[in-house]
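Observations on the model geometry
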Amino acid sequence: MIAVPAGPDNLMPPLTVSQVGHAVADLVFDHLAQMGDSMHTVGDGGFQPELASHWTWASDSLSVAFHLNPQARWHDGVPVRAADVQFSLALYKNPKVGSPVAPLLANVDSISTPDSLTAVAWFHRRTPEEFFDIAYQLWVVPRHVLDTIPPDRLGTSDAARHPIGSGRFRFMDWKPGSRLELIADTGNYRGRARLDRVIWSVAPDGQAAFAQVMSGQADLLLNATTEELRAAANQPSLRRLAWPSLQYGFLGMNLRDPTQHARPNAFLSDLRVRRAISMALDRRAMLQSVFDSMGALGHGPFPAAASTADTTLRVPPFDTAAAAALLDSAGWIRGRDGIRMKAGRRFAVGLLVPSSSETRQRYAVLIQEALRQTGIDASIQGMAFGPYVQRLTTGNFDLVMDGVGIDPNIGAVLQAWGTGGAPPNGLNFLGYSSPRVDALMDSATSSFNPVRARAYTRQAYQQIADDVPAVWLYDALSYGLISRRFQVPAVRPDGWWKHLADWTVPVADRIDRDRIGLGPPKS
């Protein structure tokens with residue numbers, strides 16, 4: 001039982017952007033190959049078989065043939081075939097679907113199917129991470145289930161709420177706003193999951209989720225706050241669970257007009273204004289206030305756990321006097337009420353925040369006060385996760401407290417900061433675009449020299465930092481609370497759930513299923 005303050009947006013792999021949605025997709029669906037715990041993204045040496053039992057490269061490395069495991073089955077009993085792989089890639093890349101993963105598959109040209117168990121991936125060019133692109137980014141979905149659904153209706157279809165996959169867990173039930181349940185696929189070709197059942201229990205808020213774990217109603221709480229960790233320190237049934245994370249939090253500034261995206265944002269398109277906002281925020285004091293001693297300061301458009309992280313980037317310093325001078329130079333002059341005005345317009349913006357994140361809500365309050373002191377009226381717009389995602393993906397906001405989880409590869413920065421990552425095909429919700437960043441990352445992802453690749457990436461990071469589309473606030477160091485019943489393998493930065501099928505509970509610690517109303521496990 002996992003207690004969470006918000007459920008998934010949907011359960012369709014090409015479309016889901018929520019953490020719960022990603023976890024469910026990863027447990028219900030399979031990749032052609034799975035990246036190992038070494039998390040090596042260059043070449044295929046760090047990958048293990050999943051749907052593909054093995055693979056063979058062409059001599060020019062511009063194609064790789066995946067040989068599917070003939071025992072692989074969809075959860076409705078239909079065999080997994082090469083045509084499913086071919087269909088999946090086309091679905092991800094279809095602009096009518098609007099998948100945020102599509103830009104990450106740009107180098108994969110197509111899939112051919114010489115026979116029913118062989119799927120050949122063809123690449124536009126040879127790159128160090130071409131295998132990562134096709135193996136890590138593509139969840140294979142069932143053609144026979146999805147091929148009759150109009151691509152532009154995929155996210156709202158019944159299949160997005162009742163998915164049929166091939167993974168070690170199968171979908172059981174989803175009551176939005178309440179709970180989502182998976183069960184072990186007892187006849188799975190990769191072996192039965194060692195847990196019978198996994199349930200996400202959706203609580204009204206973070207405090208309610210914490211209460212469920214403290215009372216024993218739930219077994220796992222993710223993203224526990226400092227206060228919650230302290231409160232649970234003497235709880236004999238719980239222990240702390242910590243793991244590195246590829247998530248980071250920032251204050252994002254929409255560069256486009258929220259209502260007319262073809263126009264620049266009247267407040268935030270000016271670099272002087274964005275630098276002033278960054279310089280008005282005491283990031284270290286805010287980090288201490290929100291996380292106490294358990295926080296890690298953000299340094300740029302990356303998490304500290306990323307292989308390309310660089311803590312030496314230059315970012316605007318905390319300097320309220322310089323911030324005021326920049327706003328003055330941009331024509332924003334303080335009015336009688338202390339709020340700045342320009343051409344008769346008050347500097348009044350909305351600050352979008354998900355109510356499901358206590359961390360981001362706390363930051364929003366601190367940011368609102370700091371901006372008020374600088375002469376900016378930022379009204380906090382807190383909302384449930386679903387409406388928050390809808391506002392975020394449609395660009396209907398000025399400022400946003402955002403948290404991004406990226407992939408572990410070199411080119412991951414393009415997901416949220418590359419021009420090609422702009423919606424509907426990416427996570428670049430701020431409308432940020434830099435030809436120099438795009439060119440530098442093209443060089444980085446094409447170079448087989450790791451030293452050069454890292455140098456190109458650092459230059460791209462510095463360009464983004466100089467353009468100030470965001471204020472880098474914190475790295476998401478993940479702390480959770482978990483029942484002592486569970487024996488947990490290593491937890492990976494790219495997803496706490498990666499080894500969930502191999503979590504175990506000793507016989508002496510297993511619950512009485514009938515006592516809590518679950519009954520026997522279903523197949």
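Overview of the structure.

1. Considerations on the environment of Leu-351
Among the secondary structure elements, Leu-351 is positioned in strand β18 (residues 348-354). Separated by 14 residues in sequence, Leu-351 and Val-365 have C-alpha atoms that sit 9.8 Å apart. Those residues within four positions of Leu-351 in sequence are excluded, and the remaining contacts are Leu-251, Ala-364, Ile-367, Ser-379, Ile-380, Gln-381, Leu-399, Val-400 and Met-401.

2. Here's the deal with the pairing of strand β7 (residues 118-123)
Buried residues dominate β7, accounting for 5 of its 6 residues. Bridge count for strand β5 (residues 63-68) against β7 is 5 bridges, and the pairing is antiparallel. Residue Ala-65 lies in a different strand from β7, and its bridge partner there is Val-120. As paired elements, strand β6 (residues 108-115) and β7 share 5 bridges and run antiparallel to each other. Looking at the pairing, Ile-111 lines up with Ala-121 of β7. The antiparallel hairpin formed by β6 and β7 contains 2 residues in its connecting segment.

3. Remarks on the packing of helix α13 (residues 435-446) against helix α14 (residues 450-467)
Where α13 contacts α14, the two axes come as close as 8 Å, and the packing angle between them is 165°. Regarding the angle of α13 to α14, the classification is roughly antiparallel. Taken as a pair, α13 and α14 cross one another with a handedness that is left-handed. On the side of α13, the interface is formed by Arg-436, Val-437, Leu-440, Met-441, Ser-443 and Ala-444, while α14 contributes Ala-453, Tyr-456, Thr-457, Gln-459, Ala-460, Gln-463 and Ile-464. Across the contact of α13 with α14, the residue classes break down as 8 nonpolar, 4 polar and 1 charged.

4. Focus: the sheet that holds strand β16 (residues 340-342)
Read from one edge of the open sheet, 3 strands run β15-β16-β17, paired in antiparallel fashion. On the outer flanks of this sheet lie β15 (333-334) and β17 (345-346), each paired with one strand and no other. Pairing geometry for β16 and β17, over 2 bridges, is antiparallel. Residue pairing for β17: Lys-342 is matched across the bridge by Arg-345.

5. Overview of the nonpolar core
Membership of the largest hydrophobic core comes to 119 residues, with the highest contact counts inside it found for Phe-66, Ile-134, Leu-146, Leu-182, Trp-200, Trp-417 and Trp-496. Within the second largest apolar cluster, 37 residues are counted, among which are Leu-287, Ala-323, Ala-330 and Ala-378.

6. Observations concerning the side chain of Glu-228
Relative to the helices and strands, Glu-228 is located in helix α6 (residues 226-231). The buried charged residue Glu-228 lacks any salt bridge, with Arg-362 as its nearest oppositely charged partner at 7.4 Å. If near-sequence neighbours (up to four positions away) are discounted, Glu-228 is found in contact with Gly-206, Phe-210, Leu-221, Asn-223, Glu-358 and Leu-481.

7. Quick look at the packing of aromatic side chains
Across all of its chains, the model carries 23 aromatic pairs by this definition. Ring geometry for Tyr-248 versus Phe-250: centroids 5.7 Å apart, planes at 35°, classification tilted. The exposure class of Tyr-248 is buried, given its relative accessible area of 3%. Plain terms: the ring middles of Phe-250 and Trp-417 are 5.4 Å apart, the flat faces sit at 55° to each other, and that makes the pair tilted. In this pair, Phe-250 sits in strand β13 (residues 247-253) while Trp-417 sits in helix α12 (residues 413-417), placing the two residues 167 residues apart along the sequence. For Phe-250, a relative accessible area of 2% gives the class buried. Among the aromatic residues, those joined into a cluster by ring pairs are Phe-47, Trp-55, Trp-57, Phe-66, Phe-123 and Phe-131.

8. Details of the pattern of salt bridges
Per the stated rule, a full pass over the model turns up 25 salt bridges. With a closest N to O distance of 2.7 Å, Arg-340 and Asp-328 form a salt bridge. With a gap of 12 residues between them, Arg-340 in strand β16 and Asp-328 in helix α9 (residues 320-329) connect regions that are remote in the sequence. When the shortest N-O distance is used, the salt bridge between Asp-494 and Arg-492 registers 2.8 Å. Arg-492 sits in the buried class, given a relative accessible area of 4%. Sharing partners across several salt bridges, the network here consists of Asp-26, Asp-37, Arg-492, Asp-494 and Lys-498.

9. Describing helix α3 (residues 130-137)
By the criterion of burial, α3 is predominantly enclosed, with 8 of the 8 residues buried. Looking at α3, one finds that the buried residues are Glu-130, Phe-131, Phe-132, Asp-133, Ile-134, Ala-135, Tyr-136 and Gln-137.

10. A look at the sheet that holds β7
The strand order β4-β5-β7-β6 describes an open sheet built from 4 strands, whose pairing is antiparallel. If you trace the sheet from one side to the other, it starts and ends with β4 (52-57) and β6, each paired once. When strand polarity is set aside, the average angle formed by the axes of neighbouring strands in this sheet is 25°. Along the sheet, helix α2 (residues 82-93) makes contact with β5, β6 and β7, crossing β6 at roughly 160°.

The rules behind each value
- Residues numbered from 1 in each chain as written.
- Predicted model: local features only at pLDDT ≥ 70, side-chain atom pairs only at ≥ 80, totals over all residues.
- Heavy atoms only, no water.
- Helix = DSSP H or I, 4+ residues; strand = E, 2+ residues; numbered from the N terminus.
- Contact = heavy atoms within 4.5 Å.
- Buried < 20%, exposed > 50% of the residue type's maximum accessible area, 1.4 Å probe, protein only.
- Pairing = 2+ DSSP bridges.
- Axes fitted to C-alpha atoms, helices over the stretch in contact; angles between N-to-C directions.
- Parallel < 35°, antiparallel > 145°, perpendicular 65-115°, else oblique.
- Left-handed = near helix turned anticlockwise from the far one by under 90°.
- Nonpolar A, V, L, I, M, F, W, Y, C, P; charged D, E, K, R; others polar.
- Core = buried A, V, L, I, M, F, W, Y, C linked by side-chain atoms within 4.5 Å.
- Lys, Arg positive; Asp, Glu negative; His and termini not counted.
- Salt bridge = Lys/Arg side-chain N within 4 Å of Asp/Glu carboxyl O.
- Phe/Tyr/Trp six-rings, centres within 6.5 Å; stacked < 30°, edge-to-face > 60°.

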